[in-house]
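Residue-level structural notes
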Amino acid sequence: MKKGRPLKMGIAALMLATLLPAGTGSADAALTEVPYAMDSSNQAGWWSPLETYGTGLEYAYMAYNAPGSVESTHKVYIARRDGSGVWSNIPVMDGSKVAEYTDDVGHNQPSISRDGSGRFHVFASMHDEAWHYFRSDTVGGTPQNHSADMPTPATFKGTYPVLTTAPNGDVYLLVRSSEDAAGYRSGQLFRWDNAASTWSKIAVIGSSLNKSFYPDDLVFDASGNLHILFEWSAFAASALRHELSYVKYSPSTGSFTKVDGSAVSLPLKPGTADIIQPLAPTEAYVQTGSDPGGPGVQSAKLAVDPAGSPVVAYRYREEGSSTFSVKYASCGSAGWSLQTVYNASETKAAIDITWAGSAPRVYYAKSTGTDRAFMAVPSGGSWSQTSIAPGKPIERLSVERNDNGVDILYLVDVTNRKLYYGRN
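Residues numbered from 1 in each chain as written. Predicted model: local features only at pLDDT ≥ 70, side-chain atom pairs only at ≥ 80, totals over all residues. Heavy atoms only, no water.

Regarding the overall build of the chain
Going by this rule: Comment: elements are numbered from the N terminus, with helices defined as DSSP H or I runs of at least four residues and strands as E runs of at least two. Throughout, the radius of gyration refers to the C-alpha atoms, and the reference size of a globule is 2.2 Å times the residue count to the power 0.38. Three exposure classes are used, based on accessible area relative to the maximum for each residue type with a 1.4 Å probe and protein chains only: buried under 20%, partly exposed in between, and exposed over 50%. We get accessible surface area from the Shrake-Rupley algorithm with a probe of 1.4 Å; when it comes to residues, only the shown protein chains can shield them. His is not counted, nor are the chain ends; Lys and Arg add positive charge and Asp and Glu add negative charge. Here the site of a charge means atom NZ of a Lys, CZ of an Arg, CG of an Asp or CD of a Glu.
A tally of regular secondary structure across the chain gives one helix and 33 strands. Its C-alpha atoms give the chain a radius of gyration of 20 Å, within 12% of the compact-globule value 22 Å for 424 residues. Counting only C-alpha atoms and orienting by the principal axes, one finds that the chain spans roughly 55 × 55 × 45 Å. For the chain, with 424 residues in total, the buried portion stands at 58%. Carbon and sulfur atoms provide 51% of the accessible area of the chain, an area that totals close to 15,400 Å². Counting 35 positive and 40 negative side-chain charges, the chain places the averaged centre of each group 2 Å from the other.

Some words on the environment of R185
Put simply, the test is: Here, two residues are considered to be in contact whenever any of their heavy atoms come within 4.5 Å of each other. Polar contact criterion, stated in full: a pair of N or O atoms within 3.5 Å, where within protein one must be able to donate a hydrogen and the other to accept it, and residues adjacent in sequence count only if both atoms are side-chain atoms.
Counting through the fold element by element, R185 comes out in the loop between β15 (171-177) and β16 (187-193). In this structure the C-alpha to C-alpha distance between R185 and T257, which are 72 residues apart in sequence, comes to 22 Å. Leave out the neighbours within four places in its chain, and R185 touches D128, R176, S177, S178, E179, D180, K211, S212, F213, F235, A236 and A237. At 3.4 Å, the side chain of R185 forms a polar contact with the backbone oxygen of A236.

A closer look at the side chain of H121
The residue H121 is located in strand β10 (residues 120-123) in this model. Only 2.8 Å separates the side chain of H121 from the side chain of Y133, close enough to count as a polar contact. When sequence neighbours within four positions are dropped, the list of residues in contact with H121 reads S111, I112, S113, D115, Y133, F134, R135, L163, V171, W192 and W199.

Describing the sheet that holds strand β28 (residues 359-366)
Here is the rule: Pairing between strands is defined by DSSP: at least two bridges between them are needed. Note on definitions: angles span 0 to 180 degrees between N-to-C directions of axes, and those axes are lines fitted to C-alpha atoms, for helices only across the stretch in contact.
If you walk across this open sheet you meet the four strands as β27-β28-β29-β30, and the pairing is antiparallel. The two strands at the open ends of the sheet, each matched to only one other strand, are β27 (347-356) and β30 (382-387). When strand polarity is set aside, the average angle formed by the axes of neighbouring strands in this sheet is 25 degrees. By the bridge criterion, six bridges tie strand β29 (residues 373-379) to β30 in an arrangement that is antiparallel. Looking at the pairing, F374 lines up with S387 of β30.

Structural notes on the environment of V175
Secondary-structure assignment places V175 in strand β15. Among the residues examined, V175 registers a relative accessible area of 0% and is labelled buried. Through-space distance from the C-alpha of V175 to that of P161 is 4.5 Å; in sequence the pair is 14 residues apart. Excluding residues that lie within four positions of it along the chain, V175 makes contacts with W131, F156, G158, T159, Y160, P161, S186, G187, Q188, F190 and P215.

A few points about the confidence of the model for the chain
Threshold: The predictor attaches a confidence to each residue, called pLDDT, with possible values from 0 through 100.
For the chain, the mean per-residue pLDDT works out to 92, and 93% of the residues sit at or above 70. Below a pLDDT of 50 lies the segment residues 4-27, which in the model reaches 43 contacts outside its immediate sequence neighbourhood of four places, other chains included.

Comments concerning the sheet that holds strand β33 (residues 418-423)
In a beta sheet, neighbouring strands are held together by backbone hydrogen bonds and run either parallel or antiparallel to one another. Spatially, β1-β33-β32-β31 is the arrangement adopted by the four strands of the open sheet, whose pairing is antiparallel. If you trace the sheet from one side to the other, it starts and ends with β1 (30-33) and β31 (396-401), each paired once. Across the sheet, the axes of successive neighbouring strands diverge by a mean angle of 20 degrees, strand direction being ignored. Sheet analysis places β31 next to strand β32 (residues 407-413), joined by six bridges and oriented antiparallel. Within β32, the position partnered with S398 by the bridge is Y410.

Thoughts on the nonpolar core
Going by this rule: The term nonpolar core refers to a set of buried residues drawn from Ala, Val, Leu, Ile, Met, Phe, Trp, Tyr and Cys, joined through side-chain atoms within 4.5 Å.
Core analysis: the biggest nonpolar cluster contains 44 residues, and M62, L189 and I228 have the highest contact counts within it. Excluding anything up to four places from it in sequence, M62 contacts V34, P49, L50, Y77, I78, A79, W87, L409, Y410, L419, Y420 and Y421.

Some words on the packing of aromatic side chains
Heads up, the condition is: Classification of ring pairs uses Phe, Tyr and Trp, with its six-membered ring standing for Trp, and accepts pairs whose centres are within 6.5 Å; under 30 degrees between planes counts as stacked, over 60 as edge-to-face, and the remaining range as tilted. Two thresholds decide whether a charge sits over a ring: the Lys NZ or Arg CZ must be within 6 Å of the ring centre and within 35 degrees of the ring normal.
According to the stated counting rule, one finds 24 aromatic pairs in the structure shown. When the centroid spacing of 6.5 Å and the interplanar angle of 85 degrees are considered together, the rings of F156 and F190 count as edge-to-face. Placement of F156 in the loop between β13 (144-145) and β14 (158-165) and of F190 in strand β16 is noted, with a sequence separation of 34 residues between them. Classification of F156 by relative accessible area gives buried; the value is 9%. Connected via pairs of aromatic rings, a cluster forms that spans F123, W131, Y133, F156, F190, W192 and W199. The lysine or arginine in question, R176, covers the ring of Y214, its NZ or CZ lying 4.8 Å from the ring centre. Taking NZ or CZ as reference, K366 lies 4.1 Å from the ring centre of F374, over its face.

Here is the structure:
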């Protein structure tokens, strides 16, 4: 159910949080600055850098890029906040040194998950590279390099590792792999068996000639089904993607299905899974390293409602527009229903979604303005927008709904190189 502990809340803030009904938002989130230096490279739209744990003493774990030994590099750390609001900084170790890599905005950022035994799993700085995988050997311990544990050939190269933890404590990983010589880049799903402490590859989720697979998100529902969100681009890569797609995986049966329960065969190709955002009449696949303009998708996240149905937030540039709208998709008996959440100005490649009470919360970041980070909730036939970090130039974000039903925020101020923890 996740999609996903401030410093002690003041009395007024605590009273406000208590009085607010589920599904509504406060005037702004309770924020505190993470007390460690952040590198300017700590920014991505696809990543899963935040993990939460506990219903009593709540913990938050925020994987991030810290300044490296020179300006063009970064080191990988986990900022840990315990249930009393005390911070500690956990290094991600590569042998006897903290893992350090070259900056590469939009690619070389960390994703984290915590398995059922309390061990951290971190994938960091992978842009068409061999595994950079780190795992704790003890509960809550310092992650060490375990790249050799991954069940792939030595020639494997990957990008965009996205992680989530299953209700039984297993960890699932979705990553794009490179088969450039064959003319495609596929999406592959892996599982960490927590009881056996081993990784295995489940399947090649998507693979299509002259196309590249872009992972977006993984979320489990309460019944143990894994919801998978992804996009396609022209091979080998593009800043603009298309045909935002969804498929559901049942670990208990090994089956992959559309949202209506109909079976699909792997590997998926464009059009064989649920297409949430179809191609517009003038929308076309274009291979380019920079944005070619025109309609297309750029970043997406998902959550599940109490019935286990997926809801999706994503950015899509409509035909004839020069800016990316924030969109919301839900599914019903008639298929996918799309709504525009916000389109008054340009937004950043930063978006997330949670389900609170009886309604979704869509999080996004504007490109300009005094207030940048916002939460939107449905209000009648439209969406109500609330600033969650007034006065802070937030450019990237991640949100996780914790086990107590509170949205935990990971907010990045690139300009001032600050990382914020929030509670909403």
